[in-house]
Amino acid sequence: MNLPLKVVLVGLPGSGKSTFGRQLAVALNFQFYDLDTLIEERFSLKIPEIFSRYGEGRFREMETETLEEVLAWERPYVLASGGGCPCFNENMSRINDKAVSVYLDVPLEDISERLEASKIQNRPLFQGMGSGEVILKLKSLQAEREYYYNMAKIKLSGSDFSAELLLSELIHLLKN
């Protein structure tokens, strides 16, 4: 593993990549970045706006361009990827080539609870859905994406992750 260490979190929308990523960055004394925020800054558009104006295909191109730029940075960081990011344009291979990937495998019921109606409006894939529809969509996404998520170098399962747990996993991985 080349230093500086780059950690990229992957998992379903609502799995806690941004929340846990911030905690992990503090524990590592690294910068934290959210890929969706970086895309919004780079293209001066909100993610829902990109989806509605240009569609998911163009969004995935913008996402890959931004990911490549971030992976080229020569500094340590923790990055929360978008839920679909690893599944398109060979992005999981890109991530694994340049960073330590971590799959946050959270039970769907926990994710569904986190995706309260107030938060769904910022998530294009869930807009206009009730709670029953959200869980069905999550099951569908999990079936489509788990193959890519399981390529991650580290997998954390459950819904309550600690930075300490991941730090010990990272240390173990780096020693091997």
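Conventions used here
Residues numbered from 1 in each chain as written. Predicted model: local features only at pLDDT ≥ 70, side-chain atom pairs only at ≥ 80, totals over all residues. Heavy atoms only, no water. Core = buried A, V, L, I, M, F, W, Y, C linked by side-chain atoms within 4.5 Å. Buried < 20%, exposed > 50% of the residue type's maximum accessible area, 1.4 Å probe, protein only. Helix = DSSP H or I, 4+ residues; strand = E, 2+ residues; numbered from the N terminus. Phe/Tyr/Trp six-rings, centres within 6.5 Å; stacked < 30°, edge-to-face > 60°. Lys NZ or Arg CZ within 6 Å of the ring centre and 35° of its normal. Polar contact = N/O pair within 3.5 Å; in protein donor to acceptor, adjacent residues only side chain to side chain. Contact = heavy atoms within 4.5 Å. Axes fitted to C-alpha atoms, helices over the stretch in contact; angles between N-to-C directions. Parallel < 35°, antiparallel > 145°, perpendicular 65-115°, else oblique. pLDDT = per-residue confidence, 0-100. Pairing = 2+ DSSP bridges.

Draft legend 1. Main features of the nonpolar core. Among the nonpolar cores identified, the biggest contains 36 residues, and Val10 and Leu79 are the most heavily contacted of them. Taken together, the elements giving at least two residues each to this core come down to strand 1 (6-10), helix 2 (35-43), helix 3 (47-71), strand 3 (77-80), helix 4 (91-98), helix 5 (108-114) and helix 7 (131-149). Broken down by element, the residue count for this core peaks at eight residues, all from helix 3. By size, the runner-up hydrophobic cluster in this structure holds 18 residues, among which are Phe20, Ala25, Ala80 and Leu170.

Draft legend 2. Representation of the packing of aromatic side chains in the model. One pass over the structure, following the stated rule, counts six aromatic pairs. Arranged with centres 5.9 Å apart and planes meeting at 80°, the rings of Trp73 and Tyr77 form a pair that is edge-to-face. Overall, Tyr77 belongs to the buried group, its relative accessible area being 0%. For the ring pair Tyr103 and Tyr149, a centre distance of 5.1 Å and an interplane angle of 35° mean the geometry is tilted. Residue Tyr103 is found in strand 4 (residues 100-105), and its partner Tyr149 is found in helix 7; the two are separated by 46 residues along the sequence. Among the residues examined, Tyr103 registers a relative accessible area of 2% and is labelled buried. Among the aromatic side chains, those forming a connected cluster through ring pairs are Tyr33, Trp73 and Tyr77. Looking at Arg75, its charged tip hangs above the ring of Trp73, at a distance of 4.0 Å from the centre.

Draft legend 3. Structural view of the side chain of Ser15. With respect to the helices, strands and loops of the structure, Ser15 is situated in the loop between strand 1 and helix 1 (17-28). Here the side chain of Ser15 touches Leu12 through a polar contact of 2.8 Å, landing on its backbone oxygen.

Draft legend 4. Fine view of helix 2. Along helix 2, the positions that sit buried rather than exposed are Leu35, Leu38, Ile39 and Glu40. Where helix 2 is buried, its residues meet strand 2 (31-34), helix 3 and strand 3. Of the residues that open helix 2, the one with a side-chain oxygen 2.9 Å from the backbone nitrogen of Asp36 is Asp34.

Draft legend 5. Just the packing of helix 2 against helix 3, in detail. In contact at an axis separation of 9 Å, helix 2 and helix 3 are set at 105° when each is read in the N-to-C sense. It follows that helix 2 is roughly perpendicular to helix 3 by the angle criterion. Here Leu35, Asp36, Leu38, Ile39, Glu40, Arg42 and Phe43 of helix 2 lie close against helix 3, whose contacting residues are Ile47, Ile50, Arg58, Phe59, Met62, Glu63, Glu65, Thr66, Leu67, Glu69 and Val70.

Draft legend 6. Structural context of the confidence of the model for the chain. Per-residue confidence for the chain averages 87 on the pLDDT scale, and 86% of its residues sit at or above 70. When mean pLDDT is compared element by element in the chain, helix 4 scores highest at 98, while helix 6 (residues 117-120) scores lowest at 54.

Draft legend 7. Highlighting the sheet that holds strand 3. The sheet built from five strands is open, its strands ordered 2-3-1-4-5 with parallel pairing. Strands at the two margins of the open sheet, each flanked by one partner only, are strand 2 and strand 5 (154-157). Taking the axes of each pair of neighbouring strands and ignoring which way they run, one obtains an average angle of 20° across the sheet. Note that strand 2 and strand 3 share four bridges and pair parallel. The residue of strand 3 that forms the bridge with Tyr33 is Leu79. Across the sheet, helix 3 is in contact with strand 1 and strand 3; its angle to strand 3 comes to roughly 170°. Helix-sheet contacts for helix 4 involve strand 1 and strand 4, and the interaxial angle to strand 1 is about 150°.

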